Amino acid sequence: MATINYSELDGRSAGFFALLALLAVMVAGGLGGAWYMEHNGHYVTGMTNRIVWGVPHVFAVFLIVAASGALNVASIASVFGRELYKPLARLSGVLSITLLAGGLAVLVLDLGRPERLIVAMTHYNFKSIFAWNIFLYTGFFAIVAAYLWVMLERRMNAYSKPLGLLAFLWRLILTTGTGSIFGFLVAREAYDSALYAPLFIIMSFAFGLAIFILVLMAACGGTRRPLGDAIVVRLTALLGQFVAVLMYFVVVYHLTNLYFTGRHDFERFILVDGGVYTALFWLGQVLIGGMLPLALLFHPIWSRSRRVVAAASVCVILGGLAQIYVIIIGGQAYPLVIFPGKEVASRIFDGVIATYAPSLPEVALGVSGIALALVLTAVALKVLPLLPRSLADRDVAAVPPGNA
Amino acid sequence: MSLDRRSFLGLGAAAFAGAAITPGLRLIELVQARSPEEAASTLKRWGLLIDTTRCSDCEVCVTACHTENGVTGHGRPATDAQWIRKVTLSDKRTGHAQALPLMCQHCEHPPCVDVCPTGASFKRADGIVLVDKHTCIGCRYCVMACPYGARSFIHETVTGQKPDVPRGKGTVESCTLCVHRIDRDGQPACVDACSKDGGKAMVFGDLNDGAGELRQRLRREPSIQLRADLALNTGVRYQGL
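Each value, and the rule that gives it
- Residues numbered from 1 in each chain as written.
- Chains lettered and ligands numbered in written order.
- Predicted model: local features only at pLDDT ≥ 70, side-chain atom pairs only at ≥ 80, totals over all residues.
- Pairing = 2+ DSSP bridges.
- Helix = DSSP H or I, 4+ residues; strand = E, 2+ residues; numbered from the N terminus.
- Axes fitted to C-alpha atoms, helices over the stretch in contact; angles between N-to-C directions.
- Left-handed = near helix turned anticlockwise from the far one by under 90°.
- Contact = placed C-beta atoms within 7 Å.
- Nonpolar A, V, L, I, M, F, W, Y, C, P; charged D, E, K, R; others polar.

Colleague: Provide a residue-level description of the sheet that holds strand E3 (residues 97-103) of chain B, including the pertinent values.
Modeller: Two orientations exist for strands paired in a sheet by backbone hydrogen bonds: parallel and antiparallel. On the basis of which strands lie adjacent, the open sheet formed by 3 strands has the order E2(A)-E2(B)-E3(B) and antiparallel pairing. Whereas interior strands pair on both sides, the edge strands pair on one side only; in this sheet they are strand E2 (342-346) of chain A together with E3 of chain B. Between one strand and the next, the sheet's axes are offset by a mean angle of 30°, whatever the strand orientation. Two strands pair when backbone bridges link them, and E2(A) and strand E2 (residues 84-91) of chain B are joined in this way by 5 bridges, in the antiparallel orientation. Counted as the bridge partner of Lys342(A) is Asp91(B) from E2(B).

Colleague: Provide a residue-level description of the sheet that holds strand E9 (residues 236-239) of chain B, including the pertinent values.
Modeller: Residue and element names in this part refer to chain B. Taking strand neighbours across the sheet as the criterion, the 3 strands line up as E8-E1-E9 in an open arrangement whose pairing is mixed. Both edges of this open sheet fall to strand E8 (202-206) and E9, since each of them pairs with a single strand only. Recorded for the sheet is a direction-independent mean angle of 20° between the axes of neighbouring strands. When strand E1 (residues 46-51) meets E9, the two strands line up parallel, connected through 4 bridges.

Colleague: Talk me through the packing of helix H4 (residues 89-110) of chain A against helix H8 (residues 196-222) of chain A; I want residue IDs and the actual numbers.
Modeller: All names here are of chain A. Contact geometry of H4 with H8 gives a least axis separation of 11 Å together with a crossing angle of 115°. For the pair H4 and H8, the crossing hand works out as right-handed. Here Leu 91, Ser 92, Leu 95 and Leu 99 of H4 lie close against H8, whose contacting residues are Ile 211, Phe 212, Val 215 and Leu 216. Considering only residue class, the contact of H4 with H8 consists of 7 nonpolar, 1 polar and no charged.

See the structure below:
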């Protein structure tokens, strides 16, 4: 019976430092962008009074959603007792923390008054799903940190199952909260739907697993640790299933809107004549984020190639960013329907599709969230024994129970 | 005409009683008035009635509002603050055209207040929806939630602020119903301007005051709330739509 041997990354290679340096530059770029936006005011961005949430929010929501999804691998091991996933649980837990940290950093740095974060931590309106999310995020950090500790500390291993269950339930509630930020917006055609909660949960499953697969491959490849087919084949199949369910939810969402006559104009905007949003929906979300990964992940021969699995994971991530762009920015670009049946015009662009052109500082801020998550992950892998020395088939096939 | 003794005494008694009671009545009025230190009361619910049939092409309400509240633009309509705007409507089937001013509707159940994470968006007891500039973190969730597009995020440094109207870069703001004027027994600048230089299309008043002009008009004449389907019970009502 094999025992899993975890170890820190050596982390002394030129490649590792080059990676850290590159990510640090990206993080610095994001901080510079945030400073520029804060110093001048948001008029220097592409955001306006019609598109109040822009590219930073696309990246922030993507990372927050992916964070809870990245925890799934650990949940499958601890909660559902799949031994094969146990060697991956630590990486899964750390990745969920770092992705959430990256997303929240972007969200906070985009605030009009980021220095008032303390106000957000001390003044609560409990009817606001946003306020609830603040608790859900901080609680997620605490619970997953404790979960990681009981996994890392051999004496505490027995607690990994109850804590894993708590973390799993918490992450479901957390993503419900994130989806409800949009689902609870009663006034806009694009939102106002309970479907956003389960939609965001399945989005998190897919995006989080795609990121997990890429980080796992990069970490094992970069440190020359074996990664066997037993794990990769299962993760590949799982990702394919998640993408299929995600597509199902997207179809149901649009079918519902297509059934409601009052929402036909909005659907026409997204599906037919919405310009960049229509292109991002069909090419980004559906083709690159859905059809292509499904074809690659379920293809009997192609799916055996690591490169193909990695490419499919990249597609899921790109499609995910496109999907969130369409949800957040497309949803705002479509005008509020205050006067049904009327053509509306005003000097502040009532009744017309709002324009939005992302500026460099806000793109830099958004991308820096991903960089921050990755740099934190790299540092965590260097200082903590998170990654098994070997994930070869013979080493993971018979992991003893409880050795998380 | 000469007065007999009985009539003289009667009139005298009435005059005396009137002289005695009148200051008392005046005192009741004074007692009912709100002192500056006193908190807003739920006994009042401030509101507006806008008669779109009287609303013309002018923009005096917009100009008056922005002058009163020190809301100045930078020539960037997409990011400049807009507390009140003129909207033109044209029926898609009949082509019937109308114009009206649109601003914060001062809802009884305001979505902006519901979603605000810190409670910076709040509703005063007398129904006026405001933003506490000290606790607004600039997340813009209220802008996402407002069904009327009534809120503005301050995209750049603010200059020329009015003492009564604190504003600040990085926070959200909207029509305050000229709360500083209401607290001094005045009425919103847009209503004053419309009455003086516009089409006399706006009536301001207390929705709880059954004897007031606003309630009388609302009782007599048909009016609607915008997005009445959301059941927000707006403080601003429209006629002629």
